[in-house]
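What the coordinates show
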Amino acid sequence: AHFARVGISAVHVMQDLTRPLNPRPRPMQTSQGELLLESSGLRVCGRRVSARGAALLGVALAALCGSLWLAAGHGALPAGPPAAGTSKPDVTAPGKDGVCSDRETCLSIVDAFLERQPRQSFMGGKGVGLMQTFGPDSFDGGPCGDKMCKLVEPCPNYEQTPHCRFDVYDNALAAIYLTRRGRLEEARSVLKSFLYLLYDDKGGLKLLAASYTDAPAKAGDYQGVGVADGAVDTGNNAWVGLAFTHFAAETGEACYARVARDILEALRHDVSCADDEMGGFAARGPPYPHNYRSTEHNIDVFSLSRALNSSADAESAATFVRSMWGHSKQAPDTYVTGTGDAAHCDATIPLAAAAADVQFWSLLADADPSAARKNASVTFALRNPGSARYKGGEGRIDGLWQIDEDLIGSPGGEGKGQELYGFRFTSWGNGIQWENTASAVMGLVHYQQKYQRDAPVAGLDEAISRARVSIRQLLQAYQAVPASVLGGNINAYIKNDHAADYPGGSDTGIGWTYLRYPHVAASTWAGLLLLYQHDDGAPVDDAANPFAPPRKPVPSKDKSDADDSCLPSGGGSGSKGGGGSPPPPSGGGGGGGGGSPPPADAACKAHPGCSALTGECCPTAIGMMLECCGI
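So, here is what we can say about the structure in this document.

**Thoughts on the overall build of the protein chain**
Helix and strand content of the protein chain: 17 helices and twelve strands. Per-residue burial for the protein chain yields a buried fraction of 60% across its 631 residues.

**Examining the pattern of salt bridges**
Inspection of the entire model under this criterion finds 24 salt bridges. Of the charged contacts, one joins Asp313 and Arg268 as a salt bridge, the two residues approaching to 2.7 Å between their closest N and O atoms. One end of the pair, Asp313, is in helix H10 (residues 311–323); the other, Arg268, is in helix H8 (residues 254–271), and 45 residues separate them in sequence. The shortest N-O distance in the salt bridge between Asp536 and Arg468 comes to 2.7 Å. Here Asp536 is found in the loop between helix H16 (520–532) and helix H17 (557–561), whereas its partner Arg468 is found in helix H14 (residues 460–478), with 68 residues between them in sequence. In this structure Asp536 comes out as partly exposed when scored by relative accessible area, which is 44%. Connected through shared salt-bridge partners, Glu104, Asp111, Glu115, Arg181, Arg183 and Glu186 make up one network.

**Overview of the packing of aromatic side chains**
Applying the stated rule across the entire model yields 19 aromatic pairs. Judged by centre distance (6.4 Å) and plane angle (55°), the ring pair of Phe134 and Tyr514 falls under tilted. A residue pair is termed long-range when its members are at least 10 positions apart, and Phe134 in the loop between helix H3 (103–116) and helix H4 (146–149) and Tyr514 in strand E12 (residues 513–514) qualify at 380 residues. Take Phe134 and Tyr514: they sit in the same class, and that class is buried. Measuring from centroid to centroid gives 5.2 Å for Tyr447 and Tyr451, while their planes differ by 40°, and the two rings are tilted. The same class applies to Tyr447 as to Tyr451, namely buried.

**Points about the nonpolar core**
With 131 residues, the main nonpolar core has Phe194, Trp239, Phe244 and Trp525 as its most contacted residues. Those residues in contact with Phe244, other than ones at most four positions away along the chain, are Leu191, Phe194, Leu195, Leu198, Tyr256, Val259 and Ala260. Membership of the second largest hydrophobic core comes to 13 residues, among which are Ile397, Ile510, Trp512 and Tyr514.

**Side note on the environment of Gly413**
Along the chain, Gly413 falls in the loop between strand E9 (401–405) and strand E10 (419–423). Residue class for Gly413 comes out partly exposed when judged on its relative accessible area of 38%. For the pair formed by Gly413 and Ala477, sequence separation is 64 residues and the distance between their alpha carbons is 8.1 Å.

**Re the pairing of E10**
One face of the sheet, then the other: side chains in a regular strand alternate in exactly this way. Judged by how many residues are buried, E10 sits mostly within the fold: five of five residues are covered. Sheet topology places E9 next to E10; five bridges connect them, and they run antiparallel. Pairing of Asp404 across the sheet is with Leu420, part of E10.

**Some remarks on the packing of H14 against H16**
Where H14 contacts H16, the two axes come as close as 11 Å, and the packing angle between them is 125°. Here H14 lies oblique to H16, going by the angle between them. The way H14 lies across H16 gives a crossing that is left-handed. Packed against H14, whose contacting residues are Arg468, Ile471, Arg472 and Leu475, the element H16 presents Ala526, Leu529 and Leu530 at the interface.

**A look at the state of the cysteines**
With the rule as written, the count across this model stands at five disulfides. One disulfide bridge connects Cys100 with Cys106, the sulfur atoms lying 1.9 Å from each other. Of note, the bridge from Cys100 to Cys106 carries an S-S torsion of about 100° and is right-handed in sense. With respect to class, Cys100 is no different from Cys106; both count as buried. Through a disulfide, Cys144 is tied to Cys149; the S-S separation comes to 1.8 Å. Torsion about the S-S bond of the Cys144 and Cys149 cystine: about 105°, corresponding to right-handed handedness. Taking relative accessible area as the criterion, Cys144 reaches 30% and is therefore assigned partly exposed.

**Focus: the sheet that holds strand E5 (residues 211–212)**
Spatially, the three strands line up as an open sheet ordered E4-E5-E6, and their pairing is antiparallel. This sheet does not close on itself; its edge strands, each paired only once, are strand E4 (166–167) and strand E6 (227–229). Where E5 lies against E6, two bridges are found, and the strand directions are antiparallel. In the sheet register, Ser211 faces E6, and the bridge partner there is Asp229.

**Here's the deal with the packing of H3 against helix H5 (residues 168–181)**
Where H3 contacts H5, the axes come no closer than 12 Å and their chain directions differ by 135°. Taken together, H3 and H5 sit at an angle that is classed as oblique. Along this stretch, H3 crosses H5, giving a crossing that reads as left-handed. Contact with H3, carried on its side by Glu104, Leu107, Ser108, Val110, Asp111 and Leu114, involves Tyr177, Leu178 and Arg181 of H5 and no other residues of that element. For the contact of H3 with H5, the residue count by class is five nonpolar, one polar and three charged.

**Focus on the pairing of E9**
Most of E9 sits inside the fold, with five of its five residues counted as buried. A two-sided burial pattern is seen for E9, the buried positions comprising Trp401, Ile403 and Glu405 on one face and Gln402 and Asp404 on the other.

**Describing unusual backbone geometry**
The amide bond that connects Glu153 to the next residue, Pro154, takes the cis arrangement and shows omega of 5°. For Pro154, the location among the structural elements is in the loop between H4 and E4. You will see that Asn157, though not glycine, has its phi angle at about 65°, which is positive. With respect to the helices, strands and loops of the structure, Asn157 is situated in the loop between H4 and E4.

**With respect to the side chain of Gln117**
With respect to the helices, strands and loops of the structure, Gln117 is situated in the loop between H3 and H4. Within polar-contact distance, the side chain of Gln117 engages the backbone oxygen of Gly135 at 3.1 Å. Excluding residues within four positions of it along the chain, Gln117 makes contact with Met131, Gln132, Gly135, Pro136 and Val520.

Parameters at a glance
Residues numbered from 1 in each chain as written. Predicted model: local features only at pLDDT ≥ 70, side-chain atom pairs only at ≥ 80, totals over all residues. Heavy atoms only, no water. Helix = DSSP H or I, 4+ residues; strand = E, 2+ residues; numbered from the N terminus. Buried < 20%, exposed > 50% of the residue type's maximum accessible area, 1.4 Å probe, protein only. Salt bridge = Lys/Arg side-chain N within 4 Å of Asp/Glu carboxyl O. Phe/Tyr/Trp six-rings, centres within 6.5 Å; stacked < 30°, edge-to-face > 60°. Core = buried A, V, L, I, M, F, W, Y, C linked by side-chain atoms within 4.5 Å. Contact = heavy atoms within 4.5 Å. Pairing = 2+ DSSP bridges. Axes fitted to C-alpha atoms, helices over the stretch in contact; angles between N-to-C directions. Parallel < 35°, antiparallel > 145°, perpendicular 65-115°, else oblique. Left-handed = near helix turned anticlockwise from the far one by under 90°. Disulfide = S-S within 2.5 Å. Nonpolar A, V, L, I, M, F, W, Y, C, P; charged D, E, K, R; others polar. Polar contact = N/O pair within 3.5 Å; in protein donor to acceptor, adjacent residues only side chain to side chain.

Purely spatial values, then, with no claim about function.
Listed below in structure tokens is the structure:
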């Protein structure tokens, strides 16, 4: 999902500049009586009518629609662009039809979604193993034909790479949610799956790959059929450390704090840039290291270090985050995504999009205490580049607030036609990305509580309400939160027509898109948001902020160093306190790094028909059996 999950650096996003920069932003309905022309016909009051009907209705009906909308109590139409420097979202408040009715009902939907998510079957049991990130199956890409709208089942890219992803970040976030929700045994099962992939059979810790598959893998595997993405990203591992930290604090089980400290120590050893003026941590460690430093990754490490009382690491990461303010020529009132990648702990800052998570996660983590910077960053984020006030040029990249219409709805038809409010992934993107939106709303509530009185942001309260209601509408309609409600498939995304009704999901603007699949991260962030504050005026529970220090004390280093009860058999003493060794693969024996390596005859040279090739052929590293294998 983010720079942390997919290994995208600030310099890497430059590769996407070969594609046109949002050549035709999707028209957004910013006032309910406004006429919007699209390639598919005329829209009046949010409804599409035929060309013939438009000719008959004419301007009179347009005026009537505006009057009726006002009479229905939707408030006055915008009088024009706000004064310079303001950021009030130019939208009208959504109705609360189709919203999950109360906090517990909404959270129960999240609970049920996580409970039914497919798990890695090789871990050997119901509720054990990492959760599948997207799916199972899609929410349908829309009625524009198979070529442009049909989505691959049971998960994205399955036709090209016949496996689904089990992402480390999504599962760490789920473990934090389950801990905060009080579902401790479910959280423990996720953490036990991590333990299996973290510690080898000699008890040594190996940092995690970004994503795994349903095939067997073990600690230290960064390629092979069990690995979907072998990048050892700093942010992902910091999130896992946070999951262990929150669980250790909540349960008092010191062994889980030991794991979190082991992860932080490994990150310090592999990717620290503490001897550099900017400080911080590089974004990716061995076996495929990268030199760039990601702002988002350092927010994650800052939060982990602070929770573990590792002040030097926390200060180093915070120093880097603060140093990333104000370097963007396109969006000077934002934190940039990070540095270049040319040299060790690279200090150059290339052109990059303004990313929503960088703005809002730095806010939630309090990595930079400057109220003025927070005010400017939030003000930027609440600008709406899709509004009629922006006709092109710089307006397309000014702001992150967006409005989407769900033209498809859930498989049962719920939610179709709803207008939804939230944030796009970056200032180069298009369409609301719901994982970012849920975490952004939490960030806005944090701003409201901490800064709004002394550094007010216009439109803040309205934005919180509208986006949170939209998330609750999605939970009710879809019984999960999809990554995007915009239809279309990867072919539609490649076409890069943001004005299309089905543009190929929510385009990040930096090289990939989010399609209409159930999404663990989006659903889990929604749950955390509703734990944090369910509705306007409700109490705020700071313990639901995953970046905040746990509400209970984390077991001390002395206690955690003395407790190996949760570690695999090669590194610990068994079942006392921590729930025993992590689960072995199906049919395997014992803990401590089990898993099955690729078959011994997978090598291309072991098969006469493939002998001219190198590497693994039978199967390949992504599980495909080549024709030359003769099997």
